[in-house]
Amino acid sequence: MKVVGISGLPGSGKSLISKIAKEKNIIVINMGDLVRKEAKKRNADVGETSIKLREEFGEYVLAKLTIEKIKKESETVNSKNIFIIEGIRSQHEVSMFRKSFKDFFLLSVFSSPKTRFNRLKSRNRNDDSVEYEGFLKRDQRELDFGIGNVVATSDCIIINEADLETYKNQINRFFNEILN
């Protein structure tokens, strides 16, 4: 089983990789969805919930939940035997995934703050800020989790600053390499 972790700051382009993966019948586990689900249960803010979960259950909490989900999913049919984990935020998570999956590959996506802010304004998800100050605050929270170290230690980085078609081509080249 091959497990590919995807990291990048909000608005960098992680979700398009996941979308293309799903089109290729690859199972995608979104760590942010796990946080959003818990936030809904708690009737709380997503950002606050991500911090509270780590305070309550430790830095490894989301990695543990993700690993459990992958093990459960791997019992079902996955023709490609590949899983995508979208939204890795910390070295704690990376180290747990590397220990749990011998064939773990870490891909990060980088986009400039200006590019990401413009994307977030247009995607209009409830945890996205349309104010630049809120955007910077969210970035700082992600950096405090250690996402900068995750990106710096990635096996591969895709720069997503060009047009959508160029980015899709980069993603498809990546998948062609890991699928062969």
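Being a predicted model, the structure only gives us computed values, none of them experimental.

### Describing the packing of helix H2 (residues 31–42) against helix H3 (residues 46–57)
- At their nearest, the axes of H2 and H3 sit 9 Å apart, and the two run at 95 degrees to each other. Comparing the axis directions of H2 and H3 gives the class roughly perpendicular. On H3, the residues touching Val35, Arg36, Glu38, Ala39 and Arg42 of H2 are Val46, Thr49, Ser50, Lys52, Leu53, Glu56 and Phe57.

### Considerations on the nonpolar core
- Within the largest apolar cluster, 24 residues are counted, with the highest numbers of intra-cluster contacts made by Ile85, Ile88, Phe97 and Phe104.
- Only strand E2 (27–30), H2, H3, helix H4 (61–74), strand E3 (82–88), helix H5 (91–100) and strand E4 (104–110) provide two or more residues apiece to this core.
- In terms of residue count, the dominant contributor to this core is H4 (five residues).
- Excluding its chain neighbours within four sequence positions, the residues that come into contact with Phe97 are Met31, Ala63, Thr66, Ile67, Ile85, Ile88 and Phe104.
- By size, the runner-up hydrophobic cluster in this structure holds 18 residues, among which are Leu16, Ile17, Ile26 and Phe175.

### A word on the layout of surface pockets
- As a volume, the largest pocket reaches approximately 560 Å³.
- Around the largest pocket, the lining comprises 32 residues; the ones closest to its centre are Gly11, Lys14, Glu86, Arg123 and Arg125.
- Those elements that place two or more of their residues in the lining of the largest pocket are helix H1 (14–23), H2, H3, E3, helix H6 (113–123), helix H7 (132–145) and helix H9 (164–179).
- The computed volume of the second largest pocket comes to approximately 290 Å³.

### Looking at the sheet that holds E3
- Pairing is parallel in the open sheet, where five strands are placed in the order E2-E3-E1-E4-E5. Each edge of the open sheet is held by one strand with a lone partner, namely E2 and strand E5 (156–159). Ignoring strand direction, the axes of neighbouring strands in this sheet form an average angle of 20 degrees.
- Relative to E3, strand E1 (residues 2–7) runs parallel, the two being bridged by six bridges.

Calculation criteria
- Within each chain, residues carry numbers counting from 1 in the order of the written sequence.
- Thresholds applied to this predicted model are a pLDDT of at least 70 for local features of residues and 80 or more for the giving and counting of side-chain atom pairs; totals over whole chains, interfaces and linings are not thresholded and use all residues.
- To get the side-chain values, all heavy atoms of the structure are used, and hydrogens and water are removed first.
- Angles shown run from 0 to 180 degrees and are taken between the N-to-C directions of axes, each axis being a line fitted to C-alpha atoms and, for helices, limited to the stretch in contact.
- Runs of H or I in DSSP of at least four residues are treated as helices and runs of E of at least two as strands, each being numbered from the N terminus.
- When an angle is under 35 degrees it counts as roughly parallel; over 145 it counts as roughly antiparallel; between 65 and 115 it counts as roughly perpendicular; any other value is oblique.
- Contact between two residues is taken to exist if any of their heavy atoms lie within 4.5 Å; hydrogens are not considered.
- As used here, the term nonpolar core means buried Ala, Val, Leu, Ile, Met, Phe, Trp, Tyr and Cys residues forming a set that is joined through side-chain atoms within 4.5 Å.
- Working definition: with a 1.4 Å probe on protein chains only, accessible area under 20% of the residue-type maximum means buried, over 50% means exposed, and in between means partly exposed.
- Here a cavity is any set of points on a 1 Å grid over the protein atoms alone where a 1.4 Å probe fits but cannot get out, and a pocket is any open set with protein on both sides within 12 Å along at least 5 of 7 lines; a residue lines the site when it has an atom within 4 Å of a point.
- Grid points are joined across faces, edges and corners, and a volume is the space filled by probe spheres set on the points.
- If DSSP finds at least two bridges between two strands, the strands pair.

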